[in-house]
Amino acid sequence: MLGVGIDWAEEFHLVAVGRPGEGVVEVARVEHTPAAVAALVARIAGLEPDPAEVRVVIETRHGLLVEALVDAGYTVLPVNPDLVARRRGPARKKDDAEDARIACLLALDQYTDLRALIPHGELAGELRAIARDDIRACRDERRLLNRLRADLAAVFPAALAIAGDDLGSPVVLKLLQRWPTADELAAASHDEVEALARAAKHGWPHRLADRVTQALTGDHFQPRDYLIRAKADTIRLACAQLLLLREQRRSWHRRMGELLLGDRRRGRAKQPGDDRGPAVPGGEIYLSFPGLGDRLAARIAGEIGDAIGQFDTPNALQCYAGKAPVTRRSGKSELVVASRLACNRYLADAVQQWAFTSLRTSGWAREFYDTQRSRGRKHHAALRALGNRWLEVLWHCLTKNTPYDENVHVANRNRALGRVNQPSKLAA
């Protein structure tokens, strides 16, 4: 067997190579270029012709370097950087070459329980990339919206009265993009505002035009002229960015549904057609769960991937998602349960949101949450416990290739709790 430890970076990588009984025999620097990575693969092949006998430990699961190693047929073992940090000396000194040696020793230790990387397929990889980009776009949208609200409060307070609680709607953004100041909007006629609202597909364009007139005649603070001139282009830019983000997220949403179901949702029923193409394995199973729409199901399915077999037990999936509690006990000290920090943060956030959205549509989930709260748990702790249960059910459904059925699960749950013909209470 050949062990390889890699301390990766953006411009170059430090690679340590070793064998059982000999330890680390070589440490080299590899530039992050296609030619250098190809030379590294050729060097490893010269030391060990059988790719199945090569174990590579690296502190990441993604990237072009990882893809090159997987394509070469090597067993890639991604580890958390904290695992390498705990193996350093007493001084905990950070050194790239030493981290590569530690990673190599981890690869040589056959008793270390490391899970081999099973790469995503093309559809699952695309779904994960789109879902993560959608999360970042959502954060950018919230940040720009807060910035726009602050600018309007400083120079155009009447716009906040016009928008109300719907500042991010397309019609309001298009209105502010065209007339970013109070004077410009006041110079526009009632018919012009109504025409813009009608072009933006507003349900009641006449009412919007009346609301604009009423807001402009209200009592508002008058900002300085120089500040109005300075902020006009800033408001117009923020509105343009928000409109582009909104349109792109809608396009991603359609693509998520297509990847999960094999076809885009069509018509008022929002259902795919009969002639479906290839889809992510288990896409319909994810969407059968209460609280999971296209976006949230795509986030969870994209992080889990299309090989549920890499999680041999439900607990393995729960630990990967950060929902399995960590128990600590020393001597006679009391048992302490803490939340898990070493996990897939994208999946952990998605499952936490899933647990919250399921409270409205699943009776047993609401009952479980209320029970946790009655025992003194805080809101997020109760959601973590509920998400832990949902992941267990999801693992069984994906493993057995069976859609979720609320009645079947409630019957199984009542049987496990010793209940007889006692249905779970409905959510309010």
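Above this text is the structure in question.
Since the structure is predicted, the reported quantities are computational estimates derived from the model, not experimental observations.

(A) Representation of the layout of surface pockets within the structure. For the largest pocket, the calculated volume is near 1500 Å³. Taken together, 43 residues make up the lining of the largest pocket; nearest its centre are Arg-61, Pro-78, Val-79, Asn-80 and Tyr-320. Of all elements in the fold, only helix 2 (64-71), helix 3 (81-86), helix 5 (122-155), helix 14 (314-320) and helix 15 (345-357) reach the threshold of two or more residues within the lining of the largest pocket. At 5 residues, the largest contribution of residues to the lining of the largest pocket is made by helix 2.

(B) The arrangement of the environment of Ala-97 in detail. Within the element layout of this structure, Ala-97 appears in helix 4 (residues 96-108). Take Ala-97: its relative accessible area is 19%, and that puts it in the buried class. When the C-alpha atoms of Ala-97 and Asp-7 are compared, they prove to be 7.4 Å apart, with 90 residues separating the residues in sequence.

(C) Structural context of the packing of helix 7 (residues 170-178) against helix 9 (residues 190-199). At a minimum axis distance of 9 Å, the contact between helix 7 and helix 9 shows a crossing angle of 135°. By the angle between their axes, helix 7 is oblique relative to helix 9. Where helix 7 crosses over helix 9, the handedness of that crossing is right-handed. Packed against helix 7, whose contacting residues are Val-171, Lys-174, Leu-175 and Arg-178, the element helix 9 presents Val-193, Leu-196 and Ala-197 at the interface.

(D) Focus on the side chain of Arg-55. With respect to the helices, strands and loops of the structure, Arg-55 is situated in strand 4 (residues 54-58). The buried charged residue Arg-55 lacks any salt bridge partner; its closest oppositely charged side chain belongs to Asp-109, at an N-O distance of 7.3 Å. Separated by 2.7 Å, the side chain of Arg-55 and the backbone oxygen of Ala-107 make a polar contact. In contact with Arg-55, other than residues within four places in its own chain, are Met-1, Leu-2, Gly-3, Val-4, Thr-75, Leu-77, Leu-106, Ala-107 and Asp-109.

The rules behind the values
Residues numbered from 1 in each chain as written. Predicted model: local features only at pLDDT ≥ 70, side-chain atom pairs only at ≥ 80, totals over all residues. Heavy atoms only, no water. 1 Å grid on protein atoms, 1.4 Å probe; cavity = no way out; pocket = protein on both sides within 12 Å on 5 of 7 lines; lining within 4 Å. Points joined across faces, edges and corners; volume = space filled by probe spheres on them. Helix = DSSP H or I, 4+ residues; strand = E, 2+ residues; numbered from the N terminus. Buried < 20%, exposed > 50% of the residue type's maximum accessible area, 1.4 Å probe, protein only. Axes fitted to C-alpha atoms, helices over the stretch in contact; angles between N-to-C directions. Parallel < 35°, antiparallel > 145°, perpendicular 65-115°, else oblique. Left-handed = near helix turned anticlockwise from the far one by under 90°. Contact = heavy atoms within 4.5 Å. Lys, Arg positive; Asp, Glu negative; His and termini not counted. Salt bridge = Lys/Arg side-chain N within 4 Å of Asp/Glu carboxyl O. Polar contact = N/O pair within 3.5 Å; in protein donor to acceptor, adjacent residues only side chain to side chain.

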